[in-house]
Amino acid sequence: MSESLPDIQGKTGAIFDAAVSVPVSFCNDAMAIQAARQGVALCDRSHWGRIQLSDSDRLNFLHNQSTNDFKLLKSGQGTDTIFVTSTARTIDLATAYVLDDTVLVVVSPNRREYLLQWLDRYIFFGDKVTLTDVTTSTAMFSLIGTETDAVLQQLGADALVGQPYGNHVELMLVGHPVRIAVGSGLALPGYTLIMDSQSAADVWQAFTQVGAVPMGDRAWEQLRIEQGRPMPDQELTEDFNAVEACLWQAISLNKGCYIGQETIARLDTYKGVKQQIWGIRLQQAADLGTPITVDNEKAGILTSLTETNEGWFGLGYVRTKVGGSAGLTVQVGESQGELVDVPFLQRERQSP
């Protein structure tokens with residue numbers, strides 16, 4: 001009987017936590033983060049949700065329920081998109097991959113069940129859309145780093161090298177079909193790998209055998225914060241809208257009506273953005289939810305925090321009226337901080 005993925009991961013030092021179904025750490029967090037920046041890291045993200053949409057109205061449905069333009073996409077392409085409320089408050093940042101007969105949507109771990117129910121409410125009589133949760137029947141890895149192209153070439157899977165973000169193709173890897181997509185999930189070069197859960201152990205082992213460094217969820221979370229990727233219940237909540245979350249790369253203003261479209265268009269037209277996410281380099285730790293102040297005036301709130309080799313680093317919303325910009329000195333509880341731009345965010349929309 002072949003070994004399971006957790007068994008193989010356990011042999012290389014994986015530590016598991018009951019709250020997370022993937023390895024929290026491989027006791028190598030610093031090495032894995034360095035590999036993601038200047039080599040190749042392999043992170044198990046199988047706990048992220050994967051929702052499959054099928055039937056003939058699938059693209060129109062996603063087009064109408066999220067912020068990006070799906071009518072422009074063809075099979076083999078993909079995009080980031082945001083699910084928002086009618087007032088453009090952020091529910092989740094998702095990535096969608098268009099296949100011949102389906103669309104596969106990757107969502108955050110803590111939004112999987114919510115979005116399945118939320119999307120189902122918008123399927124009306126006569127709509128030809130079927131939602132299927134394929135999370136447990138599939139697995140998903142992120143291959144991250146500057147040397148990921150070389151690793152794919154070693155395994156004969158370099159068909160996507162140099163292609164645009166979101167492009168994807170199914171290839172055979174170590175005898176198993178694996179869908180490989182451009183994009184690591186962070187603002188670092190890399191790829192997303194999606195496969196049947198029964199194939200996951202062989203695929204994981206194949207990549208580690210050619211030099212990919214295993215990465216746990218704790219190291220991923222540190223990179224997420226340093227990179228500035230917003231997450232539900234932290235940066236993406238009912239308190240903030242999609243424009244304030246600086247996710248213009250996932251928003252179309254030219255696609256026509258969709259949930260939250262009027263609010264987003266109005267914010268763009270009248271430059272009504274009151275606050276934005278910033279990275280914050282801190283001198284010491286602070287509790288999440290701690291107010292951010294400038295000259296003793298409340299200017300925002302701390303939403304994420306991690307400890308790095310260079311000290312404490314956080315994410316938080318800062319009001320534009322205080323002159324929020326890189327280099328601004330702020331106070332977060334007892335700690336002084338400095339605003340830092342982060343690579344994942346796009347603060348201004350690009351011209352069509």
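Residues numbered from 1 in each chain as written. Predicted model: local features only at pLDDT ≥ 70, side-chain atom pairs only at ≥ 80, totals over all residues. Heavy atoms only, no water.

**Student:** Explain the overall build of the protein to me, please; I cannot follow it from the model alone.
**Tutor:** On a plain count of helices and strands, the protein comes out with eight helices and 19 strands. In terms of overall dimensions, the protein is globule-like: its C-alpha atoms have a radius of gyration of 20 Å, near the 20 Å expected for 352 residues. On the principal axes, the C-alpha backbone points of the protein span a range of 65 × 55 × 35 Å. Relative to its full complement of 352 residues, the protein shows a buried share of 57%. In the protein, once contacts between residues fewer than 6 apart in sequence are set aside, the share between residues at least 24 apart is 68%. Counting every atom, the protein has about 15400 Å² of accessible surface; 47% of that belongs to carbon and sulfur. (Helix = DSSP H or I, 4+ residues; strand = E, 2+ residues; numbered from the N terminus. Rg over C-alpha atoms; globule rule 2.2 N^0.38 Å. Buried < 20%, exposed > 50% of the residue type's maximum accessible area, 1.4 Å probe, protein only. Contact = heavy atoms within 4.5 Å. Areas by Shrake-Rupley, 256 points an atom, 1.4 Å probe, with all protein chains shown as cover.)

**Student:** Can you help me understand the pattern of salt bridges in this one?
**Tutor:** Any two side chains of opposite charge can pair if their charged atoms end up close together. A full pass over the atoms with the stated rule returns ten salt bridges. For Asp341, the salt bridge is made with Arg347, and the minimal N-O distance between the two is 3.1 Å. Here the salt bridges share partners, and the residues they tie into one network are Glu221, Arg224 and Glu235. (Salt bridge = Lys/Arg side-chain N within 4 Å of Asp/Glu carboxyl O.)

**Student:** Quick question: what am I supposed to make of helix α2 (residues 29–38) here?
**Tutor:** Within α2 the residues assigned to the buried category are Asp29, Ala32, Ile33, Ala35 and Ala36. Buried residues of α2, viewed axially, fall in a sector of 160°; they line one side. Of the exposed residues in α2, those oriented more than 90 degrees away from the buried face are Ala30, Met31 and Gln38. (Arc of directions from axis to C-beta.)

**Student:** Looking at this model, I keep getting lost on unusual backbone geometry. Mind explaining?
**Tutor:** It is generally the case that most residues other than glycine have a negative phi and that most peptide bonds are trans. Notably, Cys27 is not glycine yet its phi reads approximately 60°, a positive angle. In this structure, Cys27 sits in the loop between β2 (20–25) and α2. Residue classification places Cys27 among the exposed residues on the basis of a relative accessible area of 59%. Non-glycine residue Ala88 carries a positive phi angle of around 70°. Note that Ala88 resides in the loop between β5 (78–84) and β6 (90–98).

**Student:** I tried to follow the packing of aromatic side chains on my own but got confused; where do I start?
**Tutor:** How two aromatic rings sit relative to each other is set out by the distance from centre to centre and by the angle between their planes. Scanning the entire structure with this criterion turns up six aromatic pairs. Relative to Trp220, the ring of Trp48 lies with its centre 6.1 Å away and its plane at 80°, an arrangement referred to as edge-to-face. Of the two residues, Trp48 sits in the loop between β3 (41–44) and β4 (49–54) while Trp220 sits in helix α7 (residues 217–227), which places them 172 residues apart along the sequence. Ring pairs connect the aromatic residues Phe26, Phe141 and Trp204, which therefore count as one cluster. Taking NZ or CZ as reference, Arg111 lies 5.9 Å from the ring centre of Tyr114, over its face. (Phe/Tyr/Trp six-rings, centres within 6.5 Å; stacked < 30°, edge-to-face > 60°. Lys NZ or Arg CZ within 6 Å of the ring centre and 35° of its normal.)

**Student:** How should the nonpolar core be read in this particular structure?
**Tutor:** Generally speaking, a soluble globular protein has its nonpolar side chains buried in company with each other. Among the nonpolar cores identified, the biggest contains 27 residues, and Leu42, Phe141, Leu143, Ile180, Leu193, Met195 and Phe207 are the most heavily contacted of them. Counting residues per element, the ones that place at least two in this core are α1 (5–11), β9 (138–144), α5 (148–154), β10 (168–173), β11 (176–182), β12 (190–196) and α6 (200–209). With five residues, α6 is the largest single contributor of residues to this core. If sequence neighbours within four positions are ignored, Leu143 has contacts with Val40, Ala41, Leu42, Thr148, Val151, Leu152, Ser184, Pro189, Gly190, Tyr191, Phe207 and Ala212. Core analysis: the next-biggest nonpolar cluster, separate from the first, contains 26 residues, Ile82, Ala245, Tyr258 and Phe344 among them. (Core = buried A, V, L, I, M, F, W, Y, C linked by side-chain atoms within 4.5 Å.)

**Student:** Before we go on, may I ask you to explain the packing of α2 against α7 in this structure?
**Tutor:** Interhelical geometry of α2 versus α7 gives an angle of 50° and a closest axis separation of 9 Å. With respect to their mutual orientation, α2 and α7 come out oblique. Where α2 crosses over α7, the handedness of that crossing is right-handed. Here Asp29, Ile33, Ala36 and Arg37 of α2 lie close against α7, whose contacting residues are Arg218, Ala219, Gln222, Leu223 and Glu226. Grouping the constituent residues of the contact of α2 with α7 by class yields four nonpolar, one polar and four charged. (Axes fitted to C-alpha atoms, helices over the stretch in contact; angles between N-to-C directions. Parallel < 35°, antiparallel > 145°, perpendicular 65-115°, else oblique. Left-handed = near helix turned anticlockwise from the far one by under 90°. Nonpolar A, V, L, I, M, F, W, Y, C, P; charged D, E, K, R; others polar.)

**Student:** In this structure, what is going on with the sheet that holds β5? I would like to understand it.
**Tutor:** Reading across the sheet, the five strands line up as β5-β6-β7-β4-β8 and stay open at both edges, with antiparallel pairing between neighbours. What marks the edges here is a single partner per strand, and that holds for β5 and β8 (130–133). For this sheet, the mean inter-axis angle between neighbouring strands, taken without regard to orientation, is 30°. Alignment of β6 against strand β7 (residues 102–107), held across four bridges, turns out to be antiparallel. Looking at the pairing, Val98 lines up with Val103 of β7. Relative to β7, helix α3 (residues 58–65) is tilted by about 35°, and along the sheet it contacts β4, β5, β6 and β7. Lying over the sheet, helix α4 (residues 112–121) contacts β4, β5, β6, β7 and β8, oriented at roughly 170° with respect to β8. (Pairing = 2+ DSSP bridges.)

**Student:** Is there a simple way to think about the sheet that holds β3 in this case?
**Tutor:** What links the strands of a sheet is backbone hydrogen bonding, and the strands pair in either a parallel or an antiparallel sense. Reading across from one edge, β10-β11-β12-β9-β3-β13 is the order of the six strands in this open sheet, with mixed pairing throughout. Here the strands that pair on one side only, and so sit at the sheet edges, are β10 and β13 (213–215). The average undirected angle you get between the axes of adjacent strands in this sheet is 30°. Across six bridges, β10 lies against β11 in antiparallel orientation. From the neighbouring strand, Glu170 faces β11, where its bridge partner is Arg179. In this fold α2 packs onto β3, β9 and β13, with an angle of close to 110° to the strand it touches most, β13.

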